[in-house]
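# Structural overview
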Amino acid sequence: MIARTSLAAVVLALALAAGVATSPAQAERLIVSVSNHRVTVTPNYSGEELVLFGSVEKDASTPATRTSYDLVVTVSGPRADMVTRRKERKLGIWINTDSREFLKVPAYLALFSNRPFDAIASPEVTRRQQLGLNNVLLTQRVGPDYADVVPNDPFRSAFVRLRSQHGLYREETSAVTFLTPTLFRTGIPLPGEVPIGTYDVEIKLFSDGALVTKTDTAFEIVKVGFEQFVANSARNNGFAYGLATAFMALMTGWMASIVFRKD
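Residues numbered from 1 in each chain as written. Predicted model: local features only at pLDDT ≥ 70, side-chain atom pairs only at ≥ 80, totals over all residues. Heavy atoms only, no water.

### Overview of the sheet that holds strand 1 (residues 28-34)
As a reminder of what qualifies: Note: two strands are recorded as paired if DSSP finds a minimum of 2 bridges between them. Comment: elements are numbered from the N terminus, with helices defined as DSSP H or I runs of at least four residues and strands as E runs of at least two.
On the basis of which strands lie adjacent, the open sheet formed by four strands has the order 1-3-12-11 and antiparallel pairing. Each end of this open sheet is capped by a strand with a single partner; those strands are strand 1 and strand 11 (177-178). Bridging between strand 11 and strand 12 (residues 183-191) involves two bridges; their strand directions are antiparallel. Within strand 12, the position partnered with F178 by the bridge is F184.

Shown next as structure tokens:
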């Protein structure tokens, strides 16, 4: 029994050693950072632009023929459930006739690259790596099912279009600039109505149509000052916040009735 156990241990050790020996070594790695990891939102906040910069570090195993790269940066904000509604005019008025719920989708979504996605990789790779707004998975509730749909689905198209109009969804295929063959930068524009929360940044490096390596970083958007006090009160003391809001509404109505009273 002891000999059999020892033999099994030896076989397991050899298998692990073989797996380590045959696992491919990573020839490049990405070193990245953003200009500000904590963005503060004040009452007069109107938006700003962060800068993502980094470099590609090669090692001895990097193929000598690999001289050019492509880079895709995906920035996704806090996730939430959202609803897109379809309106139709009936009897002279516009009413909601249908709707589609999007589940846990990014409130902010931006994709940046140094050239068009279809020039970076094949359609199969772009779809698998979710390069471009058309390839990003946006889970929806379709009747009793949960699934993504084709990019030209009217609800999906309307959802992306409305978010894009507010600067919350964007796609720019010339936003990443290679300062040298291995140094790069890109801007991350944040509109004035940017949601509060943590933002994940994923950076993917491609060469000759294949994914070479990837890395990620993050930044946070927080409210400060009076807005933060109001947000914390609404979140942590909902009942007291509701009473205060109702009282302020009553006082405003009472004061308006006095000011505009006709004697």
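The structure having been displayed, the exposition proceeds.
### With respect to the pairing of strand 7 (residues 109-113)
Cut-off, in case you're wondering: Each residue gets one of three labels from its accessible area relative to the maximum for its type: buried under 20%, exposed over 50%, partly exposed in between, using a 1.4 Å probe on protein chains only.
The buried count for strand 7 comes to five of five residues, which makes it a mostly enclosed element. Going residue by residue along strand 7, you find L109, L111 and S113 tucked away on one face and A110 and F112 tucked away on the opposite face as well. Here five bridges tie strand 4 (residues 70-76) to strand 7, and the two strands are oriented antiparallel to one another. The partner of T74 across the bridge, within strand 7, is L111.

### Remarks on the packing of aromatic side chains
Test applied: Ring geometry is summarised as follows: Phe, Tyr and Trp rings, the Trp one being its six-membered ring, pair when their centres sit within 6.5 Å, and such pairs are stacked at plane angles under 30 degrees, edge-to-face over 60 and tilted between the two.
Scanning the entire structure with this criterion turns up five aromatic pairs. With 4.3 Å between their ring centres and 15° between their planes, F102 and F159 make a pair best called stacked. With F102 in strand 6 (residues 93-106) and F159 in helix 4 (residues 154-165), this residue pair connects regions lying 57 residues apart in the sequence. The class for F102 is buried, based on a relative accessible area of 0%. Among the residues examined, F159 registers a relative accessible area of 4% and is labelled buried. A connected cluster of aromatic rings, assembled from ring pairs, spans F102, F159 and Y169.

### Comments concerning unusual backbone geometry
For K104, which is not a glycine, the phi torsion comes out positive at approximately 50°. Residue position: K104 is located in strand 6. For K104, a relative accessible area of 54% translates into the label exposed. The phi torsion at D208 lies on the positive side, around 55°, for a residue other than glycine. Turning to its location among the elements, D208 is positioned in the loop between strand 13 (197-207) and strand 14 (210-223).

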